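Residue strings, one per chain:
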Amino acid sequence: MGAGRCVAAVVAIVLVCGLSCASAAANEREEKHGSVPDADDVQRGRSDAEIGPGEPEVVAGTLPPPAKDQFKEELVVKPLLSGDIYSSFQFQTRWDADFFVPGKKVSHYRLFPKSMGQLMSKFSVRELHVSFTQGFWRTMQWGQPYLPAPPGAELWVWFQDTVTDVDGAWKELTNVLSGIFCASLNFIDSTNTVQPTASFKPLGVGNVTDQRFLRYTVLPREIVCTENLTPWKKLLPCGSKAGLAVLMKSEKLFHSSFLSLAVHIRPICQDSDCKVTAWEMRQTVNVVFDLHTTGQGKREWSLFKMFSRTLTEACPLASSSKVYVDVTDNPQGELFELNPAAPSLAQAVVLGDRRHYAVYDLMAPGTFGSLRTLNILLRWKTPDTADMLRPLLHGERYVAGYGLQTGEIHTLLYNNHPYRAFPALLLETVPWYLRLYIHTLTVSSKDHENKPSYIHYQPSKDRLRPHLLEMLIQLPPNSVTEVTVQFERALLKWTEYTPDPNHGFYVGSSVISALVPSVVAMDTNNTKDRPLFGTFFPCKEESSYFVRVYTEPLLVNLPTPDFSMPYNVICLTCTVVAVGYGSLYNLLTRTFQVEEPSPGLVKRLANMIRYLRGVPLL
């Protein structure tokens, strides 16, 4: 009780001192500038230090200047013909500020998370892309995702050209990101980091294209859990208390076939002239629900069935909050029906195809109805599933061979376009303990040699860096291109094995990047107000669109010693030493004494009588 009262007294003193200091500071500002900044200045995202004495004051009755930052949120629900449900959350925070202006320090944050802003400023980061994925995206069943990601954790960063020690900044950046997202990014080092030359170009505006300032890594064994989701949600302006983020219930998200969390930060244009840039942080969640394994027994879904929650309001800080339902395959309503009916319809060109969407605007007053809740229900009318169109670009990879000495990596690139050929860029990152025989590299299409037009290979160094192989391959129409290379397994030191070495060692996914021919004309105006899910990759040509595909990660077995042998040797050695040395030690240190056998009972009685009589004993 005494300690509690002392704590309460200290808290009271701190509050009183804080109020006094605040009052004194307010009086000082009034004396210096004539008035205290009003709520409009704070709402515009400007601190007291950023309001100069020479700036004109806001007069009552005039409109304040627009805010320098804005926040948008979107949810896209796409019913897949396989019976699964694909949901993609898009959260965009845009800030008209520059972290790299000399002599200017950004100290006030309104919607943009301060932790990410300070990280970009301290390490001079131009672009940052990080993703955490559970499961593997099945392209042949689900089609192309809006934002692809490999299994595990992926991180690639473009630094400013003013950074002198890129490797040092990369190491510190990974440690900071590891703490922010509660992930194992601190295990990133030179043995799993590469510098691609052509695969990962900047997605934002800027002229930093020197590969020396690019770092790319992937951790295929990273496990995604609620420890990653919780700090991810805290970066949102409304957190998980309002808006679309209330649907992100960890119990439902992690009980899915596929889940991917990502954060992308890049500079974008403020207007069509692109004379001034702004910062965009896009947070995405892609999840695929398999309703056939949930015990529902019906081909219908709703927001409550998927997330165990419904929508009640939009984020108060958002300028746009919408829910899109893909109804392209249901033009006349013969496949499924939506309840409640969508107030409006929209169309957009996404992944080279014109798609139609039912739009629910959460900012509109009549969206939630009298119950102040929105639960979109989709009920299928036809029990049979139709055939899904094959994606134009697809990739696979596997390991062939037998034994634990040599093997062969096979990578398959599928071009399913019936009459168009297009080039594809393949990126292979192989750990150093798989020693590639680059002279065995073969590329074939339709049983003929397909010579790559561009090859970049960086050999590995044991325990220092991995293999890096990039190739530009022309994919013939309606063909399968096979890339094979042989390797030899290295024998690791016994301290370099994982705690479960017999499980195997993971090799990160291959990355396939290509400009795929489009069915309709693409929109090249990147500053136009369009849905967020169709504007991530910049489009510069109307006849094609950019696609990035990740293959499966590989699981390779290495020569593994019998880790039980040291235990057996120790036990046997200890036994031999205990028996042999113990016997010898006893013989050398033990003393022997000759003892007379004890007399019998008759002799003891006779000696007792002789003793009483005073006769010498026998």
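A short tour of the structure in this document, coming up. Please read these numbers as outputs of a predicted model, since none were measured by experiment.

Across its full length, the protein holds 10 helices and 26 strands. Within the protein, residue pairs in contact and separated by at least 24 positions form 75% of the contacts whose partners lie at least 6 positions apart. For the protein, the computed accessible surface area is about 32,300 Å², with 56% contributed by carbon and sulfur atoms.

Take the sheet that holds strand β11 (residues 336–339) next. If you walk across this open sheet you meet the 3 strands as β9-β14-β11, and the pairing is antiparallel. Strands with a single pairing partner mark the edges of an open sheet, and in this sheet they are β9 (300–302) and β11. Averaged over neighbouring strand pairs, the angle between their axes works out to 10° when direction is ignored. Note that β11 and strand β14 (residues 377–380) share 4 bridges and pair antiparallel. The partner of Glu337 across the bridge, within β14, is Arg379.

Attention shifts here to the state of the cysteines. In the structure shown here, the tally under the stated rule is 1 disulfide. Linked covalently through their sulfurs, Cys238 and Cys315 form a disulfide whose S-S length is 1.8 Å. On the S-S bond that ties Cys238 to Cys315, the torsion sits near 70°, and the link is right-handed. Pair noted here: Cys238 is in the loop between α6 (226–234) and α7 (250–253) and Cys315 is in the loop between α8 (303–307) and β10 (320–326), with a separation of 77 residues, a long-range link. With respect to burial, Cys238 and Cys315 carry one shared label: buried.

Helix length check: helix α5 (residues 166–181), at 16 residues, gives a terminal C-alpha distance of 22 Å against a target of 22 Å (1.5 Å per residue), a fit within 8%. Val166, Ala169, Trp170, Leu173, Thr174, Leu177, Ser178, Ile180 and Phe181 are the residues of α5 that are buried. You can read the cap of α5 off the contacts: a side-chain oxygen lies 3.1 Å from the backbone nitrogen of Gly168, and it is on Asp165. Downstream of α5 by a residue or two, Cys182 has a phi angle that is positive, lying close to 50°.

Take the layout of surface pockets next. Space inside the second largest pocket adds up to approximately 1,000 Å³. Considering the residues around the second largest pocket, the lining is formed by 28 residues, among which Thr191, Asn192, Leu219, Tyr433 and Thr498 are closest to the centre. Sorting elements by how many residues they give to the lining of the second largest pocket places strand β23 (residues 505–507) first, with 3 residues.

Turning our attention to the sheet that holds strand β18 (residues 434–445). Within the open sheet, the 5 strands sit side by side as β15-β16-β22-β18-β19. Their pairing is antiparallel. With one partner strand each, in any of the chains shown, β15 (393–400) and β19 (448–449) form the two edges of the open sheet. Sheet topology places β18 next to β19; 2 bridges connect them, and they run antiparallel. From the neighbouring strand, Ser444 faces β19, where its bridge partner is Glu449.

Here we take up the packing of aromatic side chains. For the structure shown, the criterion picks out 27 aromatic pairs. Seen from their ring centres, Phe91 and Trp232 are 6.1 Å apart, and the 70° between their planes marks the pair as edge-to-face. Here the residue Phe91 occupies a position in strand β2 (residues 84–95), and Trp232 occupies one in helix α6, the gap between them amounting to 141 residues. Here a set of aromatic residues connected by ring pairs shows up, and it is made of Tyr86, Trp137, Trp142, Tyr146, Phe258, Tyr324, Tyr357 and Phe533.

A complete count under the given rule lists 8 cavities of 30 Å³ or more for this structure. The volume enclosed by the second largest cavity comes to roughly 140 Å³. Contributing to the lining of the second largest cavity are 18 residues, with Pro148, Glu154, His264, Phe536 and Tyr550 lying nearest its centre. Breaking the lining of the second largest cavity down by element, the ones donating at least two residues are β3 (125–134), β4 (152–159), β7 (258–269), β8 (277–290) and β25 (544–550). Split into classes, the residues belonging to the lining of the second largest cavity amount to 10 nonpolar, 6 polar and 2 charged.

Now for the environment of Phe537. Inspection of the secondary structure assignment puts Phe537 in the loop between β24 (511–517) and β25. C-alpha of Phe537 to C-alpha of Arg548: the two residues are 11 residues apart in sequence and 9.8 Å apart in space. Beyond its immediate stretch of four places on either side in the chain, Phe537 contacts Tyr146, Pro148, Leu203, Phe546 and Arg548.

This part is about the pattern of salt bridges. For the coordinates displayed, the defined rule picks out 14 salt bridges. Between Arg110 and Asp69 there is a salt bridge, with the nearest N and O atoms lying 3.0 Å from each other. Here Arg110 is found in the loop between β2 and α3 (114–122), whereas its partner Asp69 is found in strand β1 (residues 69–79), with 41 residues between them in sequence. Residue classification places Asp69 among the buried residues on the basis of a relative accessible area of 6%. The closest approach of N and O atoms between Arg266 and Glu280, which form a salt bridge, is 2.7 Å. Placement of the pair is Arg266 in strand β7 and Glu280 in strand β8, with a sequence separation of 14 residues. Within the structure, one salt-bridge network assembled from shared partners comprises Arg266, Glu280 and Arg282.

Right, let's get into the nonpolar core. Ranked by size, the top nonpolar core spans 97 residues in total, and within it Leu128, Phe159, Trp232 and Leu311 carry the most contacts. With 7 residues, α5 is the largest single contributor of residues to this core. Sequence-distant contacts of Leu128, that is, excluding residues within four places in its chain, are made with Met116, Leu119, Met120, Trp156, Val157, Leu173, Leu177, Val263, His264 and Ile265. Leu426, Cys539, Val547 and Val549 belong to the second largest nonpolar core, which has 20 residues in total.

What follows is about a nonpolar patch on the surface. Together, Met608, Tyr611, Leu612 and Leu617 make up a nonpolar patch on the protein surface, roughly 530 Å² of accessible area in all. Residue classification places Leu617 among the exposed residues on the basis of a relative accessible area of 53%.

Criteria and thresholds
- Residues numbered from 1 in each chain as written.
- Predicted model: local features only at pLDDT ≥ 70, side-chain atom pairs only at ≥ 80, totals over all residues.
- Heavy atoms only, no water.
- Helix = DSSP H or I, 4+ residues; strand = E, 2+ residues; numbered from the N terminus.
- Contact = heavy atoms within 4.5 Å.
- Areas by Shrake-Rupley, 256 points an atom, 1.4 Å probe, with all protein chains shown as cover.
- Pairing = 2+ DSSP bridges.
- Axes fitted to C-alpha atoms, helices over the stretch in contact; angles between N-to-C directions.
- Disulfide = S-S within 2.5 Å.
- Buried < 20%, exposed > 50% of the residue type's maximum accessible area, 1.4 Å probe, protein only.
- Expected span 1.5 Å × (residues − 1).
- Polar contact = N/O pair within 3.5 Å; in protein donor to acceptor, adjacent residues only side chain to side chain.
- 1 Å grid on protein atoms, 1.4 Å probe; cavity = no way out; pocket = protein on both sides within 12 Å on 5 of 7 lines; lining within 4 Å.
- Points joined across faces, edges and corners; volume = space filled by probe spheres on them.
- Phe/Tyr/Trp six-rings, centres within 6.5 Å; stacked < 30°, edge-to-face > 60°.
- Nonpolar A, V, L, I, M, F, W, Y, C, P; charged D, E, K, R; others polar.
- Salt bridge = Lys/Arg side-chain N within 4 Å of Asp/Glu carboxyl O.
- Core = buried A, V, L, I, M, F, W, Y, C linked by side-chain atoms within 4.5 Å.
- Patch = residues over 30% accessible without salt bridge, like charges linked within 9 Å, V, L, I, M, F, W, Y side chains within 5 Å.

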